[in-house]
Amino acid sequence: MSNGGRVLSDRRVALITGAGGLLGNAFCQALYTEYDIVAVHRDRTPGVPTQYEWFVDPFDPEAELPENRSQAYLLRADLTEKGEVERVVDLALARFGTVDLLINNAAHMVWHGQGVVDGDAALDDFDNHFRTNVEVPLRLATRLAQKSWLHDRDRNRSRNRNIVNVSSLAGTGVYPGGQALYGSSKAALNHLTRHMAVEFKEFGVRANAIAPDSFPALVPTEKVLLSILELDRGGMTGGVYAIEGPLELETTGGRHALTTTPAPLTTTPTPH
């Protein structure tokens, strides 16, 4: 199959937002040869080959080089702006014909150390948190469903299409430092994920969320990345999975793997 002169493979197509951030860059660098990646970024770009680069052998300019077979499809967008989500979805589908894995990774995170009642800082920042952390994931998933997934149930299931929302442990309890807005927006994302799972199951698309502790300070970024891969390759849906602690690897036949799948999130009521 060709698209715009480029021969498309049977690799899974992953659309990831926040592609220039810590986790997005790690995903792109580790997996751009395994997935066809739509890398959506705003300012920073991931450190991988993109459609803007083409390698040529000076001694054989017509030769097909392996470096050109794997290029992330870079899209610059501010997804909070009107029409940008729709533009990204349209371009991704025009390029690859489908999206198998949607990773809602872009986030707005500002802490208000003096609390929500100290002036208007928190009030003024409310829309930024909920638009980026809740509305954008909802809009991306909805537009992909409407434009691609909704009437493709059999292939959705055969290709194991799914959504991974990148949430945070901050959405599971009250943490210090002025995280009221950030934590509340991630709590909303967690519950939105559960609703997505129920609704999207009707046409064969799964939805889960990961809720990592602070990374890389408390959780290795590699562990967060591996949890996304486990969800993509698994069959679970409707879960919010806590990602905590160091990376625990076992060696099997010279290969490394996580010793356990991500643990379902349990919450402890906040003491009054």
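Just above, that's the structure.
One structure accompanies this document, and this report is about it. (Residues numbered from 1 in each chain as written. Predicted model: local features only at pLDDT ≥ 70, side-chain atom pairs only at ≥ 80, totals over all residues. Heavy atoms only, no water.)

### Digging into the environment of Glu135
Definition in use: Put simply, DSSP marks the helices as runs of H or I at least four residues long and the strands as runs of E at least two long, and each gets a number from the N terminus on.
Position of Glu135 relative to the elements: it lies in helix H3 (residues 121-149). On a C-alpha basis, the gap between Glu135 and Leu79 in space is 9.6 Å, while along the polypeptide they are 56 residues apart.

### Regarding the pairing of strand S3 (residues 13-16)
Quick note on the threshold: Think of it in three bands: residues with accessible area under 20% of the maximum for their type are buried, residues over 50% are exposed, and the middle band is partly exposed, with areas taken using a 1.4 Å probe on protein chains only. Pairing between strands is defined by DSSP: at least two bridges between them are needed.
Of the two faces of S3, the one lined by Val13 and Leu15 and the one lined by Ala14 and Ile16 are each fully buried. Judged from the four bridges that link them, S3 and strand S4 (residues 36-41) form a sheet pairing that is parallel. Each residue of the ladder has a partner; that of Ile16, found in S4, is Ala39. As paired elements, S3 and strand S6 (residues 101-104) share three bridges and run parallel to each other. Note that in S6 the partner of Leu15 across the bridge is Leu102.

### Side note on the nonpolar core
Side chains of a nonpolar character, in soluble globular proteins, are inclined to be buried together. Put simply, the rule is: Note on terminology: a nonpolar core comprises buried Ala, Val, Leu, Ile, Met, Phe, Trp, Tyr and Cys residues joined through side-chain atoms within 4.5 Å. In this analysis, two residues are considered to be in contact whenever any of their non-hydrogen atoms come within 4.5 Å of each other.
Counting residues in hydrophobic clusters, the biggest one holds 32 residues, and the most contacted among them are Val38, Trp149, Ile163 and Phe200. Those elements that place two or more of their residues in this core are S3, S4, strand S5 (73-76), helix H2 (84-96), H3 and helix H5 (180-200). By residue number, the principal contributor to this core is H3, which donates seven residues. Once residues within four sequence positions are removed from consideration, Ile163 is found in contact with Leu102, Asn104, Ala141, Trp149, Met196, Phe200, Val205, Arg206, Ala207 and Asn208. One finds Ala14, Val219, Leu225 and Ile228 within the second-largest nonpolar core, a separate group that totals 26 residues.

### A look at the packing of aromatic side chains
Spelled out, the test is: Note on aromatic contacts: the rings of Phe and Tyr and the six-membered ring of Trp form a pair at centre separations within 6.5 Å, being stacked when their planes are under 30 degrees apart, edge-to-face when over 60 apart, and tilted otherwise.
Tallied over the entire structure, the rule returns five aromatic pairs. Ring centres 6.4 Å apart and planes at 75° place the aromatic pair Trp149 and Phe200 in the edge-to-face group. With Trp149 in helix H3 and Phe200 in helix H5, this residue pair connects regions lying 51 residues apart in the sequence. There is no split in this pair, since Trp149 and Phe200 are both buried.

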